[in-house]
Amino acid sequence: MAHTVSSDCVACGACVDTCPVGAISMADKAVVDASACIDCGACEGACPTGAIKPE
């Protein structure tokens, strides 16, 4: 199970720097690569807007 990013994302990049496996990239908002995500939850805790949730 990967994490998903809602429209609450403000593209601050905090999650990108926190992901230990580099599964997050930036476009208009953060994008989680489900095949690379190890479901650790680091991104969820780093997100200041609460935009990242478990799928």
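Below: a short report on this structure. Everything quoted here is computed from the prediction, not taken from an experiment.

1. Quick notes on the overall build of the chain
Right, on to step 1. Each helix and strand in the chain was counted, giving two helices and four strands.
Right, on to step 2. Taken over C-alpha atoms, the radius of gyration comes to 9 Å for the chain, in line with the 10 Å a tight globule of 55 residues would show.
Right, on to step 3. Taken across its 55 residues, the chain has 29% of its residues classed as buried.
Right, on to step 4. Long-range contacts, defined here as pairs at least 24 residues apart, represent 55% of the contacts in the chain between residues at least 6 apart.

2. Notes on unusual backbone geometry
Right, on to step 1. The phi torsion at A11 lies on the positive side, around 55°, for a residue other than glycine.
Right, on to step 2. Looking at the secondary structure, you find A11 in the loop between β1 (3–5) and α1 (14–18).
Right, on to step 3. Residue A11 is classed as partly exposed on the basis of its relative accessible area, which comes to 34%.
Right, on to step 4. Although it is not a glycine, D39 adopts a positive phi angle of roughly 60°.
Right, on to step 5. Within the secondary structure, D39 sits in the loop between β3 (30–32) and α2 (42–46).

3. A closer look at the nonpolar core
Across soluble globular proteins, nonpolar side chains have a tendency to be buried as a group.
Right, on to step 1. One finds V5, C15, I24, A30 and I52 to be the most contacted residues of the largest nonpolar core, which totals 14 residues.
Right, on to step 2. Excluding residues within four positions of it along the chain, C15 makes contact with I24, M26, A30, C43 and I52.

4. A closer look at the side chain of H3
Right, on to step 1. Residue position: H3 is located in strand β1.
Right, on to step 2. A distance of 3.2 Å separates polar atoms of two side chains, one belonging to H3 and the other to D39.
Right, on to step 3. Here E44 takes part through its side chain, which lies 3.3 Å from a polar atom of the side chain of H3.
Right, on to step 4. Apart from residues lying up to four places away in sequence, H3 is in contact with V32, C37, D39, G41, C43, E44, I52, K53, P54 and E55.

Each value, and the rule that gives it
- Along each chain, numbering runs from 1 in the same order as the chain's sequence is written.
- Restriction of local features to residues with pLDDT of at least 70 applies here, the model being predicted, together with a cutoff of 80 or more for giving and counting side-chain atom pairs; totals for whole chains, interfaces and linings are based on all residues.
- No hydrogens and no water enter the side-chain calculation; it runs on all heavy atoms of the structure.
- Helix and strand definitions here come from DSSP, where helices need a minimum of 4 consecutive H or I residues and strands a minimum of 2 consecutive E residues; each element is numbered from the N-terminal end.
- As defined in this context, the radius of gyration uses C-alpha atoms, and a globule is described by 2.2 Å times the residue total to the power 0.38.
- Summary of the burial criterion: residues with accessible area below 20% of their type's maximum are buried, those above 50% are exposed, and those between are partly exposed, where the area comes from a 1.4 Å probe applied to protein chains only.
- Should any heavy atoms of two residues lie within 4.5 Å, those residues are considered in contact.
- What is meant by a nonpolar core is a set of buried Ala, Val, Leu, Ile, Met, Phe, Trp, Tyr and Cys residues, joined one to another through side-chain atoms within 4.5 Å.
- Two N or O atoms count as a polar contact when they lie within 3.5 Å, although within protein this holds only if one can serve as hydrogen donor and the other as acceptor, and sequence-adjacent residues are included solely when both atoms are side-chain atoms.

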